[in-house]
Amino acid sequence: MANLNNKNLKLAIQKQGRLTDETIEFLRKSGLEFESYKQRLFSLCRNFPLEILYVRDDDIPDYVEAGTVDLGILGLNKLNEEKPKVKKLLNLRYGFCSLIIAVPKESEIKDIWGLRNKTIATSYPESSKKFFKKNNIPVEVVRIRGSVEITPALGVAQAIIDLTSTGSTLALNDLRVLSKIYDSESVLIANKEAFINGKKNLLKKLITRFQGVLSAKNYKYVMMNAPEEMLPKIKGIIPYLKSPTITRLSTKGWISIQTVIKEDLFWETIEKLKKIGATGIIVLPIEKMII
Ligand code: ATP
Ligand code: ZN
């Protein structure tokens, strides 16, 4: 095993779990080259002074807070629950899930007020207590580390609070959602002093790379043909389009326009463009976008 070098940036990621594959994919998309074995403890990037440490996600908040590592990638849910003294730098747009309250399908409990004085099992006691306190509902919260979803069947609790993304585990255990506490996704966090120590410039470079991948993910590259007279209208439909690339077509009065469109407004925008006569619309993914 090579020695850890103090001049390198250090990033902790989940060793084996739901965030691991997508985190590695995200780092590779950011142009970082490294090997990752199943039994790895850490990897050194070939083309960036960055060491990647593979740990349990539960250890990441402490490692980042203590400065054992400069950076960490983990679920926002862990930050909400543990409130470590770290800096959140970026939302990474994967690892989406929600912390929800669920009861057995046949339960007579219809809403969160029906949980008054009931026992609720969860691995997220702090988030849970905060939620009930805010809503002024007295409940008993018991902390369970393992499979929370089976506790109602065991008679340990009348409701659970757990993470879910597709709801399939809930359905499998005959549970029904009562309410959502919060949404979560994967986030990049940093030690509070990361920006004032000697690695500041490296850190900035790395963040620029990450942002390039994230921006690219949020936009699509679009080419289309349209009557020239429609250009002002098209500019109105794509408001952040200040100076699109325009090419004149051989058909008189027609132009070809190239631009980027935001992913979340994508279908809405395309439909409006079609309505005013845009045709031959071609959409391409963007690999990286530096803005
Ligand atoms: P570790 O062994 O590292 O402690 P773990 O079992 O605690 O792993 P995972 O189940 O792998 O953790 O979940 C890691 C993170 O994945 C969660 O903290 C959450 O942010 C995210 N996640 C995304 N979808 C889900 C889901 N359906 N259920 C639970 N977590 C999810
Ligand atoms: Zn864990």
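These remarks concern the structure in this document. (Residues numbered from 1 in each chain as written. Chains lettered and ligands numbered in written order. Predicted model: local features only at pLDDT ≥ 70, side-chain atom pairs only at ≥ 80, totals over all residues. Heavy atoms only, no water.)

### Observations concerning the side chain of D70
Piece 1. The residue D70 is located in the loop between α2 (60–66) and β4 (71–75) in this model.
Piece 2. The class for D70 is buried, based on a relative accessible area of 8%.
Piece 3. Polar contacts involving the side chain of D70 include one to the side chain of K199, which spans 3.0 Å.
Piece 4. Beyond its immediate sequence surroundings of up to four residues, D70 is in contact with N8, L9, K10, V64, I189, A190, N191, A194, N197 and K199. (Helix = DSSP H or I, 4+ residues; strand = E, 2+ residues; numbered from the N terminus. Buried < 20%, exposed > 50% of the residue type's maximum accessible area, 1.4 Å probe, protein only. Polar contact = N/O pair within 3.5 Å; in protein donor to acceptor, adjacent residues only side chain to side chain. Contact = heavy atoms within 4.5 Å.)

### Observations regarding the coordination of the zinc ion (ligand 2)
Piece 1. Within the protein, the atoms that donate to the zinc ion (ligand 2) are D57 (OD) and D58 (OD), at distances of 2.0 to 2.1 Å.
Piece 2. The coordination sphere of the zinc ion (ligand 2) comprises 4 donor atoms, whose angles at the metal cover 74 to 173 degrees; the geometry is irregular.
Piece 3. On the accessibility criterion, D58 (30% relative accessible area) is partly exposed. (Donors = N, O, S within 2.8 Å, 3.2 Å for Na, K, Ca; no water. Tetrahedral: all angles 85-135°; square planar, octahedral: opposite > 155°, others 65-115°.)

### Quick look at the environment of I246
Piece 1. Locating I246 in the fold gives a position in strand β13 (residues 245–248).
Piece 2. Between the alpha carbons of I246 and S256 there is a distance of 5.6 Å; along the sequence they are 10 residues apart.
Piece 3. Contacts of I246, omitting those with residues within four sequence positions, involve L231, I255, S256 and I257.

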